[in-house]
Each structure stands twice: as structure tokens, then as C-alpha cells.
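Architecture at a glance
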Amino acid sequence: MKIGMKSRDYDGYLEKFLEMGGFSIMKRTRIITCALLLAHFLITITPFQGWAMAAEESGTTVITEKSPPVGELSATDILSKSKIVAHGMGVAPGQEAGSTPLNCLEGFEAQYAAGVRVFEVDLRLTRDGKVVLRHDWWHSDWQEGISWMRIPTRADFVSKPILGKYTPLSFQDLLRLMERYPDICIITDTKFTDSDVFSIQFDSMMEDARELGLTYLFGRIVIQFYSENMCVALNNIYAYPHYIYTLYMESFDCSAKAFREKAAYCASLGIEAITMDESRWRDSFASIADEYGIKVYIHTVNDKDKAQKLLDAGVDGIYTDSLTPETLGLPVPSVTDVVLPGWLGI
């Protein structure tokens, strides 16, 4: 039988069946009644109910949401203690600062060990609509068979080391890292500004979190947006608790008036921070940011003296490839002792 078959079709099938079987009138009545009930069931059942019943019958495990650790810090808590943001997960051992960030596991591990607790990640879509950590697809020499002209699936992406030795990460891998390290905060750089594209991207990210039972981790993820319209569109997808407004795709004349408008906008919506390129920063912005209770971050700074000058001028933090708390004479947090078995499977 086809779902959505009209009731008169059921009657026709039943009549033929009953004529061949020679059932009594009483039996016919009972069978027709049962058939009508079945037809109603098949017509009114929703796709989600059908999936749920099929999952139950097949023994498929339904993931329940995990609970955050007791005393879990929020993104706001972690940012308030941090002056450094590792750009693209930070420079990996053997990689030069200033080169395109690899967003790899080894970069994360090196920067975490050095005391960094806030990590900016570049996110891209794969051919099968999944999200992975990758700055762009132009570097055809990074992973075998992967380039702008050969976008991989997620499985293909994570199976091929970057430059033959670094571990690529999917968004699911990032969530597992966050679960293992409850003292880290993530800032996203999703690149896309067209709503049809970033809607797919953020839907996929949320699907990954739900599959792992880790949606609570969005409490430690700061969503970077590129325009006021994008912020509205993102809120229509999910009520993300933390946002940062980046100005690198906006027309911004670097005047105090223009910065005040941006700060007032952020304060009115509870947006916690603004980030901008070093060339756009003006020392006069510091007092305006304080007035509206907005944090300001500058990217990307790899020179120690420049970084220190910016921090002294009132900048709340810097994005950097390689600078660490120790480099800048800042307190180095202790390493978390939380270790979850099988967190990445690598």
C-alpha cells in the first residue's frame, strides 16, 4: 500500500479480497473497519513519528543531551580571563607564524599547553554538507586530492593528513575537544555571508551537536557575524547565547562616531564584543567601548611589542598565530585534568 492512498482505493482492494475469500458479512464489516483504521493511521502519521518508530524497532540508539560539568564556565567567563585568541587554532609545531592557519589538532595542543584558552576556528562546508575546520580550499598541496576544484566529503577530509603530518578536524571533532577541555572557548569564522549558505552551515553544526548530545557546548562558542542582517538571520536559526561582531567585511570609516554606532548596536542586543583589523583601531575607541560595556579584539597580531601596545591602549584581546600568555607576561592557566575516554578516536 502507498501512504496517502485514497480511502476508495482501500475499499476496492478489500472488495476483491473478500470476494475471493468468501467471508461472511460480519467478517467483512470487521475487516473493512480495521482497514479504515489502518488507512487513517498511514495517512496521518508524520515523518518524524515514522522515523522514531523505525529507530525504536531497529534498536537505533537515540542520543540524549548530556549535562555540562558542574561549575562549567561560559564563553563570557573564559573571555574575561583571556587576552589571547589563537588564530585558526594557533600555529602548529614546525609551521611559520603568519602563514595560512591550518586549524589542526597539533596547533590546538601546542597552544593549549602554552596557556591559550580561546581559539578562533575557520569553518567550511564539505561536499556532503558537513562542517570542517579549514581556512579555504585553495591550498591544493595541503591534502591529497583536495582543492577548490575537488571539494571533499567530511569522511574524505578527516582521512587525509594536512601536509602529510597534521591532523584535520571536523566540527564534530571540535565539539569532542570542547567536551574534553571544559576550560576552552571557541570563536567561529564561518566565512560565508549569503544567508542560504550560512543557514546550511549552522544547521549542520547544530545537527552535529545534537548527534553527540552536546548542544550545551554552544554556551562556550562565540558566533562571529559579519553584518547586522546576518545577526538577525542567525537568531532565526537558533538563539545563540554569545556573539562577536567582526568589521572586516563592513564599510567602517574608523571614526569615533562610526565606532560609537557599532558599540551602541551591540549593547542594545547584548552582543559582547567587536573585533577588527589592527589598522582600524584607534585609541579613542577604548573609552567608547567601556561606556557601552563592549570588549574589543584586534586581529591578527604576531609582533610582541605591537600586541603589548594594543593591550596597554585598552584592547581586551588579540588574535595571534603564535603569541602566548608567557610571551606577553600574562598569567598561564593550569592544564585541565579532565580526560574523557575515546574523545577523538585518534
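Residues numbered from 1 in each chain as written. Predicted model: local features only at pLDDT ≥ 70, side-chain atom pairs only at ≥ 80, totals over all residues. Heavy atoms only, no water.

Brief notes about empty space enclosed by the protein
Using a probe with the size of a water molecule, rolled over the atoms, empty space left in the structure can be pinpointed. We apply this condition: Of the grid points, spaced at 1 Å and generated over the protein atoms alone, those admitting a 1.4 Å probe that cannot get out make up cavities, while open sets with protein on both sides within 12 Å along at least five of seven lines make up pockets; any residue with an atom within 4 Å of a point is treated as lining. Grid points are joined across faces, edges and corners, and a volume is the space filled by probe spheres set on the points. Side-chain classes are defined by residue name, with Ala, Val, Leu, Ile, Met, Phe, Trp, Tyr, Cys and Pro counting as nonpolar, Asp, Glu, Lys and Arg as charged, and the others, Gly among them, as polar.
Per the stated rule, a full pass over the model turns up 1 cavity of 30 Å³ or more. Reported here for the largest cavity is a volume of approximately 40 Å³. H87, G90, V91, Q95, E96, S99, T100, P101 and D321 are the residues that line the largest cavity. The class makeup of the residues in the lining of the largest cavity is 2 nonpolar, 5 polar and 2 charged.

Comments concerning the pairing of strand β8 (residues 295–299)
Rules: Each residue's exposure class comes from its accessible area (1.4 Å probe, protein chains only) as a fraction of the maximum for that residue type: buried when under 20%, exposed when over 50%, partly exposed otherwise. Secondary structure is summarised from DSSP: a helix means a run of H or I of at least four residues, a strand means a run of E of at least two, and numbering begins at the N terminus for each. Look down the strands so they point away from you; if going from the first strand over the helix to the second traces a clockwise path, that crossover is right-handed. Between any two strands, at least two bridges found by DSSP are needed for them to pair.
Most of β8 sits inside the fold, with 4 of its 5 residues counted as buried. Between the parallel elements strand β7 (residues 273–277) and β8, the chain passes through helix α11 (residues 285–292) in a crossover that is right-handed. With 2 bridges connecting them, β8 and strand β9 (residues 317–320) associate as parallel partners. From the neighbouring strand, Y297 faces β9, where its bridge partner is G317. In this fold, β8 hands off to helix α12 (residues 304–312), which returns the chain to β9; that crossover is right-handed.

With respect to the pairing of strand β6 (residues 243–246)
Of the two faces of β6, the one lined by Y243 and Y245 and the one lined by I244 and T246 are each fully buried. Direction of pairing for strand β5 (residues 221–225) relative to β6: parallel, over a ladder of 3 bridges. Residue pairing in the sheet places I223 in a bridge with Y243 of β6. Traced from β5 through helix α9 (residues 228–237) to β6, the parallel crossover comes out right-handed. Sheet analysis places β6 next to β7, joined by 3 bridges and oriented parallel. Note on β7: the bridge partner recorded for I244 is A273. Following the chain from β6 across helix α10 (residues 256–269) to the adjacent parallel β7, one finds a crossover that is right-handed.

Quick word on the packing of aromatic side chains
Note the following rule: Between 30 and 60 degrees the pair is tilted, below 30 it is stacked and above 60 it is edge-to-face, where a pair is any two Phe, Tyr or Trp rings, Trp via its six-membered ring, whose centres lie within 6.5 Å. Two thresholds decide whether a charge sits over a ring: the Lys NZ or Arg CZ must be within 6 Å of the ring centre and within 35 degrees of the ring normal.
Applying the stated rule across the entire model yields 19 aromatic pairs. What links up through ring pairs into an aromatic cluster is the set F171, F202, F218, F225, Y238, Y240, Y243, Y245 and Y265. The ring of Y112 has R117 lying over it, and the distance from NZ or CZ to the ring centre is 3.6 Å.

Focus on the confidence of the model for the chain
Segments scoring low in pLDDT should not have their predicted coordinates read at a detailed level. Put simply, the test is: By definition, pLDDT measures how confident the predictor is in each residue, and it falls between 0 and 100. It only takes one pair of heavy atoms within 4.5 Å for two residues to be counted as in contact.
Mean pLDDT over the chain: 84, with 79% of residues reaching 70 or higher. In this model, residues 337–346 is a region of pLDDT below 50 whose contacts with residues beyond four sequence positions or in other chains number 16 contacts.

Comments concerning the packing of helix α8 (residues 195–212) against α9
For clarity, the cut-off: An axis is simply a line fitted to the C-alpha atoms; with a helix, the fit covers only the stretch in contact. Between two such axes, the angle follows the N-to-C directions and lies from 0 to 180 degrees. Throughout, the term roughly parallel applies to angles under 35 degrees, roughly antiparallel to angles over 145, roughly perpendicular to angles from 65 to 115, and oblique to all others. Take the far helix as the reference: if the near one is turned anticlockwise from it by less than a right angle, the crossing is left-handed, and if turned clockwise, right-handed.
Here α8 crosses α9 at 40 degrees, and the two axes come no closer than 10 Å. It follows from the interaxial angle that α8 and α9 lie oblique. At the point where α8 passes α9, the crossing takes the right-handed sense. Residue-level contacts link F198, S199, F202 and D203 of α8 to M230, A233, L234 and I237 of α9. Residues belonging to the contact of α8 with α9 are distributed by class as follows: 6 nonpolar, 1 polar and 1 charged.

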